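Close look at the chain arrangement
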Amino acid sequence: MSRSPVPLAAVALAAIALPAAVAAAPGPLQISSRVMVETRARAADGTTRVALAPARRVVPGDRITVVLAYRNTGTQPLAGVTLDNPLPRGLTYHAPAPGSAAPAVSLDGRRYAALDQLRVALPGGGTRAALPDDVTHVRWRLDRPLTAGGGGEFAFQAVLH
Amino acid sequence: MHDNPVVRTNALRFYSPLTLALSGALVVSPAVRAQTATPAGTVITNVARLNVAAPDGSTAPAIDSNRVSLTLAQLVDVAVTAALATQPVVADSATAVAFDVTNTGNADDDFALSVEVDGARATYRGISVGGADGAPLATPVVRLRAGERRRVHVLLGPVAAGDPLPVRLAAIAQSASGTPGTVTPGAGPNGADLIVGSGGARAEAVTLLTFDAAAGSDAAMLEKSQSVRAPDGSTRAVSGAVVTYRLVARFTAPAVAALVEDAVPTGTRYVAGSLSVDARAISDADDDDAGGFDGAAIRVALGDVPAAATRTIQFQVIIQ
């Protein structure tokens, strides 16, 4: 198994404790997020087309899709890449978006697993199966090094509450 | 102690047959429950992170994505439900009809209330937010927090007997109402847009008043029984014996916000965790479930009981 010898500028970022604002500066690894809503348009033939459009006006109960795009703009492959998305207050995890790999999820930001592997402790003792509502973080781990110039997208659906 | 078990619903009081030397009471109280929706104007910001493992196995600082912010628009809507679909009333007596008004939006709002009832059959006296015996509001408007539900009573003068009489309560949000989806840009808190919800920010509900000769005479009844188990296995009421009380509430007509209260008798100690309703355990704490023990009495809220029904409450005490 081949591994990149030195992860280049990513390590430079690690060595210097940069302020958060600078940490977001373009490096060899880039990540961007966008929030989309499902729009439904009635076509002339009577069918309904569902398309994703940037979210502008949202109310509780709306379902949104969070799309994370990542790219290695450097010249060396990068190993051990993970994408994390803590769910902000007001958003409840729903499911992976159609076409996206399912994320590992966490109920506390520490332990990650498939949703059906997690259980929630009950106040009176005992546990129950974890539900999408319980999820606080989602994570994708790239199981292969990200090649130079390589990139992709992951997406999940969430509901505003 | 030789009080009768007491049953009370809709401000009527009844006495069940004297069976035991202990009291139980079934009373009416207003019910309020709030839901939690994220408030209008809240800015929800999403940031994702990339992590790369360093060659020595340590983790480099995360790389943050751009921040995507959404400002939650103000949703305006309301729901009205009748406590009872049909309510038996006694002809020629004053009547209070209970409805629940819920702010299903995500911001505080005022809701104007209006009542429709045949004036030839009943005199409309107003709307109370202070229970069936409360005074009518000077202006029929209630202010509700986001998600708040409020019980209101339509107060009617003597109701003339006859066919079932509909009583209709309507509520309209004051910040906006009309066609669902109508947007007022920037009118919400924090510059958020304001949107009329799917219900058009107006709602109504109807209760049908029915005239039943039996109404008011035996609408609800509470029967209490006990069983004793002494430490020696006998049923003697000696120190250390456990007494299991069984309160059976029988509703021969619908009841609003029925509540059962029963004091633990002097000389006995409540057995922690022994309270149940229809064989489902109810915690002693004053929490979200339907009842508890406050140190002197058990309390169980049975809620609105729509039709003839039976509820069985059980708890235990130890004779000291």
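What you are looking at is a predicted structure, and each value in this text was computed from that prediction instead of being measured.

Some remarks on the overall build of chain A
When you go through chain A residue by residue, the secondary structure sums to two helices and 11 strands. Taken from N to C terminus, the helices and strands of chain A fall in the order α-α-β-β-β-β-β-β-β-β-β-β-β. In chain A, which comprises 161 residues, the share counted as buried stands at 38%. Across chain A, the fraction of contacts at a sequence separation of at least 24, relative to all contacts at a separation of at least 6, is 70%.

Details of the overall build of chain B
Check the secondary structure of chain B and you find zero helices and 28 strands. Looking at chain B as a whole, 45% of its 320 residues qualify as buried. Contacts in chain B between residues far apart in sequence, at least 24 positions, make up 72% of those at least 6 positions apart. Per element, the accessible surface of chain B, about 14,600 Å² overall, is 52% carbon and sulfur.

Quick look at the packing of aromatic side chains
One pass over the full model with this rule turns up seven aromatic pairs over all chains. Residues Tyr270(B) and Phe293(B) carry aromatic rings whose centres are separated by 4.0 Å and whose planes lie at 20° to one another, so their mutual orientation is stacked. Taken as a pair, Tyr270(B) in strand β23 (residues 268-270) and Phe293(B) in strand β26 (residues 291-293) lie far apart in primary sequence, 23 residues in all. Assessed through its relative accessible area of 8%, Tyr270(B) is described here as buried. By relative accessible area, Phe293(B) is classed as partly exposed at 22%. Summarising the aromatic geometry, the rings of Tyr270(B) and Phe315(B) are spaced 6.4 Å apart at their centres and angled 40° between planes, so their arrangement reads as tilted. Highlighted residues: Tyr270(B) in strand β23 and Phe315(B) in strand β28 (residues 309-319), separated in sequence by 45 residues. This pair shows no difference in class: Tyr270(B) is buried, exactly as Phe315(B) is. The lysine or arginine in question, Arg139(A), covers the ring of Tyr112(A), its NZ or CZ lying 3.9 Å from the ring centre.

Side note on the pairing of strand β15 (residues 149-156) of chain B
All names here are of chain B. Summarising burial for β15: six of the eight residues are buried, a large majority. Pairing between strand β11 (residues 95-103) and β15: eight bridges, direction antiparallel. If you follow phenylalanine 99 over to β15, its bridge partner there is valine 152.

Things to note about the interface of chain A and chain B
Across the contact, 38 residues belong to chain A and 30 residues belong to chain B. Of the roughly 2,800 Å² buried between chain A and chain B on both sides combined, carbon and sulfur atoms contribute 66%. The shortest N-O distance in the salt bridge between Asp193(B) and Arg57(A) comes to 2.7 Å. Elements with a minimum of two residues in the side of chain A that touches chain B: α1 (8-15), β1 (29-42), β3 (63-72) and β4 (81-86) of chain A. Sort the elements by how many residues they give to the side of chain A that touches chain B and β1(A) lands first, with seven residues. Looking at side-chain class alone, the side of chain A that touches chain B contains 26 nonpolar, eight polar and four charged residues. Sheet analysis places β4(A) next to strand β5 (residues 49-52) of chain B, joined by four bridges and oriented antiparallel. Paired with Asp84(A) across the strands is Arg49(B), a residue of β5(B).

Description of a negative patch on the surface
Residues and elements named next belong to chain B. A cluster of like negative charges, contributed by Asp286, Asp287, Asp288 and Asp294, occupies part of the molecular surface. When you line up the elements, aspartate 288 lands in the loop between β25 (280-281) and β26. Using a relative accessible area of 71% as the deciding quantity, one classes aspartate 288 as exposed.

Some remarks on the side chain of Asp262(B)
All names here are of chain B. For aspartate 262, the position within the fold is in strand β22 (residues 255-263). Among the residues examined, aspartate 262 registers a relative accessible area of 0% and is labelled buried. In terms of polar contacts, aspartate 262 uses its side chain to reach the side chain of lysine 224, at 2.3 Å.

Topic: the sheet that holds strand β6 (residues 63-64) of chain B
Spatially, six strands are ordered β7(A)-β6(A)-β10(A)-β4(A)-β5(B)-β6(B) in an open sheet, and the strand pairing comes out antiparallel. Looking at strand neighbours, the two that pair on one side only are β7 (112-113) of chain A together with β6 of chain B, the edges of this open sheet.

Brief notes about the nonpolar core
If you look at the biggest cluster of nonpolar residues, it comprises 38 residues, and the most contacted ones within it are Leu29(A), Val58(A), Ile64(A), Val81(A), Leu83(A), Phe156(A) and Leu50(B). Looking at this core, the elements with two or more residues in it are β1, β3, β4, β5 (91-96), β10 (137-141) and β11 (151-160) of chain A together with β5 and β7 (68-71) of chain B. Excluding residues within four positions of it along the chain, Ile64(A) makes contact with Val35(A), Met36(A), Val37(A), Val58(A), Leu91(A), Phe156(A), Gln157(A), Ala158(A), Leu160(A) and Leu70(B). Judged by nonpolar contacts, the second largest core, of 30 residues, contains Val78(B), Ile127(B), Val142(B) and Leu144(B).

A closer look at the pattern of salt bridges
Residue and element names in this part refer to chain B. Under the criterion given, the structure shown has 16 salt bridges over all chains. A salt bridge links aspartate 110 to arginine 143; the nearest nitrogen and oxygen atoms lie 3.1 Å apart. Residue aspartate 110 is found in strand β12 (residues 109-116), and its partner arginine 143 is found in strand β14 (residues 141-144); the two are separated by 33 residues along the sequence. Looking at arginine 143, the relative accessible area reads 48%, which means it is partly exposed. Where aspartate 304 meets arginine 151, a salt bridge forms, and the shortest distance between an N and an O atom there is 2.7 Å.

Describing unusual backbone geometry
Residue and element names in this part refer to chain B. Phi angles above zero are rare outside glycine, and alanine 201 is one such case at about 60°. Within the secondary structure, alanine 201 sits in the loop between β18 (194-196) and β19 (202-211). Its relative accessible area of 0% is what places alanine 201 among the buried residues. Within the chain, aspartate 278 stands out as a residue other than glycine whose phi angle is a positive 45°. Positionally, aspartate 278 belongs in the loop between β24 (276-277) and β25. Of the residues examined, aspartate 278 reaches a relative accessible area of 33% and is grouped as partly exposed.

Cut-offs and rules
- Residues numbered from 1 in each chain as written.
- Chains lettered and ligands numbered in written order.
- Predicted model: local features only at pLDDT ≥ 70, side-chain atom pairs only at ≥ 80, totals over all residues.
- Heavy atoms only, no water.
- Helix = DSSP H or I, 4+ residues; strand = E, 2+ residues; numbered from the N terminus.
- Buried < 20%, exposed > 50% of the residue type's maximum accessible area, 1.4 Å probe, protein only.
- Contact = heavy atoms within 4.5 Å.
- Areas by Shrake-Rupley, 256 points an atom, 1.4 Å probe, with all protein chains shown as cover.
- Phe/Tyr/Trp six-rings, centres within 6.5 Å; stacked < 30°, edge-to-face > 60°.
- Lys NZ or Arg CZ within 6 Å of the ring centre and 35° of its normal.
- Pairing = 2+ DSSP bridges.
- Buried area = accessible area lost by both parts, 1.4 Å probe.
- Salt bridge = Lys/Arg side-chain N within 4 Å of Asp/Glu carboxyl O.
- Nonpolar A, V, L, I, M, F, W, Y, C, P; charged D, E, K, R; others polar.
- Patch = residues over 30% accessible without salt bridge, like charges linked within 9 Å, V, L, I, M, F, W, Y side chains within 5 Å.
- Lys, Arg positive; Asp, Glu negative; His and termini not counted.
- Charge placed at Lys NZ, Arg CZ, Asp CG, Glu CD.
- Polar contact = N/O pair within 3.5 Å; in protein donor to acceptor, adjacent residues only side chain to side chain.
- Core = buried A, V, L, I, M, F, W, Y, C linked by side-chain atoms within 4.5 Å.

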